[in-house]
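# Examination of the molecular architecture
One letter stands for each residue in the lines below.
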Amino acid sequence: MNKSRASAPAKVILFGEHFVVYGNPAILASINRRLVVDARKIDENRILIKSNIGVAGEYSSLGFKATEGGMEAKTTLDPLYCAAMQVLVARSKKTGIKIAISSGVPPGIGLGSSAAACVSTVAAVNSLFQKKYSRQKICKLAIESERLIHKNSSGADCYVSTFGGLMHYSKTKGFKKIQAKGRLALVIASTGVRHSTGDIVAGVKKFKDRNESLFQSLAKQAAGICVQAQRAIASGRHDELGALMNENQMILRQIGVSHYKVDDLLDICSKAGALGAKITGAGGGGAVIALAASNQDRGKIASRAEGAGYESFEVEIDRKGLIV
Ligand code: MEV
């Protein structure tokens, strides 16, 4: 095939971010925002990548040249170049490729845009050749590519983006889908403060190294919250789930990944009737996820956050994951 397309969803972490890097469990879900990658073989010996998020560039024997977005282009595109090259090397193929990224996932706010980009790039480039890789293999290559920008990645984001749905994940046990009783009415609100996941994870490591016993005790509490949350999801106890989100947020605050704009948003969500709310993903700004009792309440939370100047959107859980 000369042309191919793959898309992968964004994600939210409902419980367990950061601690999942150290082997703890996390509960996460893919959501109905997607990033699409179109790949095409070209006759030149180059990998060209363009996107709708203000970065573009080309990789050739001369190295990297940004055609849009300057130095940020390199940081954003290197993992995607690596994703494409991993497939070419594994298949012993030599061809130029043009990659076009069309993202519906806001970048840098903890919604897994780089994981969705790595997963769909591996899948789209792979589809240019005979014999498809399994989802497991695509996910593995995507994690290795993502580790270029975030070297301690737990792999959680790539897993949920590849396999989709609501899942329990740990580095050692992999993932298990969770059956939820009732629908989760979720809303995301962005602080507008972008972060580098790698830098925030490195900051948490510093905190851990300086406060080992406190960190271990917080990790134990976070793991306990995940166990209770999984039961609350399975039996549809959303009041309890919201309270657990608030508890998880207190732990995240203690490891230093909250932000004054996060606190402002949490206050807005709570006053608008959220059952619970917390950071989702790395934090340090980024996005907040809130659980509402109904779709009507969810709309109210989103419009209050919008009214205060924070971009917000209601989300549904995606069940498909990677689509090739
Ligand atoms: C980032 O979306 C989630 C973190 O837990 C990092 C990781 O799991 O690799 C902060």
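Values in this document were obtained by computation on a predicted structure and should not be read as measured data.

Moving on, we come to the overall build of the chain. If you tally the helices and strands in the chain, you get nine helices and twelve strands. Its C-alpha atoms give the chain a radius of gyration of 19 Å, within 12% of the compact-globule value 20 Å for 324 residues. Over its C-alpha atoms, taken along the principal directions, the chain stretches across nearly 60 × 40 × 35 Å. Burial analysis of the chain (324 residues in total) assigns 56% to the buried set. The contacts of the chain with a sequence gap of at least 6 include a subset with a gap of at least 24, amounting to 72%. Of the roughly 13900 Å² that the chain leaves accessible, carbon and sulfur atoms contribute 50%. When the 45 positive and 26 negative side-chain charges of the chain are each reduced to one mean point, those points stand 8 Å apart.

One pass over the structure, following the stated rule, counts eight aromatic pairs. On the basis of an interplanar angle of 35° and a centroid distance of 5.0 Å, the ring pair of F19 and F215 is categorised as tilted. Within this pair, whereas F19 is found in the loop between β1 (3-15) and β2 (26-42), its partner F215 is found in helix α6 (residues 212-234), the two being separated by 196 residues in sequence. Of the residues examined, F19 reaches a relative accessible area of 1% and is grouped as buried. Judged by centre distance (5.9 Å) and plane angle (20°), the rings of Y159 and F163 are stacked.

Attention now goes to the sheet that holds strand β11 (residues 287-292). With antiparallel pairing, four strands are arranged side by side in an open sheet as β10-β11-β9-β12. Edge positions in the sheet fall to β10 (276-280) and β12 (312-315), since each has one partner strand and no second. Strand after strand, the sheet turns through a mean of 25° between neighbouring axes, direction not considered. Alignment of strand β9 (residues 185-190) against β11, held across six bridges, turns out to be antiparallel. Note on β11: the bridge partner recorded for A185 is A292. Packing of helix α7 (residues 238-254) onto the sheet brings it into contact with β10 and β11, and relative to β10 it is tilted by some 45°.

Here β2 runs beside strand β6 (residues 96-103); their pairing, made up of eight bridges, is antiparallel. Each bridged residue has a counterpart across the sheet, and for R40 the counterpart in β6 is K98. Pairing analysis gives five bridges linking strand β3 (residues 47-51) to β6, with the strands arranged parallel. Residue pairing in the sheet places S51 in a bridge with I101 of β6.

Further remarks concern unusual backbone geometry. A positive phi is found at H18, a non-glycine position, where the angle reads about 70°. Within the fold, H18 resides in the loop between β1 and β2. Positive phi, normally seen in glycine, also occurs at S92, with a value near 50°. Tracing the chain through its elements places S92 in the loop between α1 (70-90) and β6.

For the chain, the domain assignment lists domain 1 (3-178) and domain 2 (185-315). For domain 1 and domain 2, the distance between their C-alpha centroids amounts to 24 Å. Taken together, the contact pairs 31 residues of domain 1 with 41 residues of domain 2. Interface area for domain 1 against domain 2, summed over the two sides, is near 2900 Å², with a carbon-plus-sulfur share of 71%.

Turning to the layout of surface pockets, a few remarks are in order. Space inside the largest pocket adds up to approximately 880 Å³. Lining the largest pocket are 44 residues; nearest its centre among them are G108, S113, S114, I149 and T197. At six residues, the largest contribution of residues to the lining of the largest pocket is made by α1. Among the residues making up the lining of the largest pocket, the classes are represented as 19 nonpolar, 18 polar and seven charged. Residue contributions to the lining of the largest pocket reach at least three from each of two domains, namely domain 1 (3-178) and domain 2 (185-315). Its volume calculated, the second largest pocket comes out at about 220 Å³. Together, 14 residues line the second largest pocket, and N45, I47, Y81, M85 and T95 are the ones closest to its centre. Of all the secondary structure elements, the ones that give two or more residues to the lining of the second largest pocket are β4 (56-60) and α1. In terms of residue count, the dominant contributor to the lining of the second largest pocket is α1 (four residues). By residue class, the composition of the lining of the second largest pocket is six nonpolar, five polar and three charged.

The rules behind the values
- Residues numbered from 1 in each chain as written.
- Predicted model: local features only at pLDDT ≥ 70, side-chain atom pairs only at ≥ 80, totals over all residues.
- Heavy atoms only, no water.
- Helix = DSSP H or I, 4+ residues; strand = E, 2+ residues; numbered from the N terminus.
- Rg over C-alpha atoms; globule rule 2.2 N^0.38 Å.
- Buried < 20%, exposed > 50% of the residue type's maximum accessible area, 1.4 Å probe, protein only.
- Contact = heavy atoms within 4.5 Å.
- Areas by Shrake-Rupley, 256 points an atom, 1.4 Å probe, with all protein chains shown as cover.
- Lys, Arg positive; Asp, Glu negative; His and termini not counted.
- Charge placed at Lys NZ, Arg CZ, Asp CG, Glu CD.
- Phe/Tyr/Trp six-rings, centres within 6.5 Å; stacked < 30°, edge-to-face > 60°.
- Pairing = 2+ DSSP bridges.
- Axes fitted to C-alpha atoms, helices over the stretch in contact; angles between N-to-C directions.
- Domains from an automatic or database assignment.
- Buried area = accessible area lost by both parts, 1.4 Å probe.
- 1 Å grid on protein atoms, 1.4 Å probe; cavity = no way out; pocket = protein on both sides within 12 Å on 5 of 7 lines; lining within 4 Å.
- Points joined across faces, edges and corners; volume = space filled by probe spheres on them.
- Nonpolar A, V, L, I, M, F, W, Y, C, P; charged D, E, K, R; others polar.

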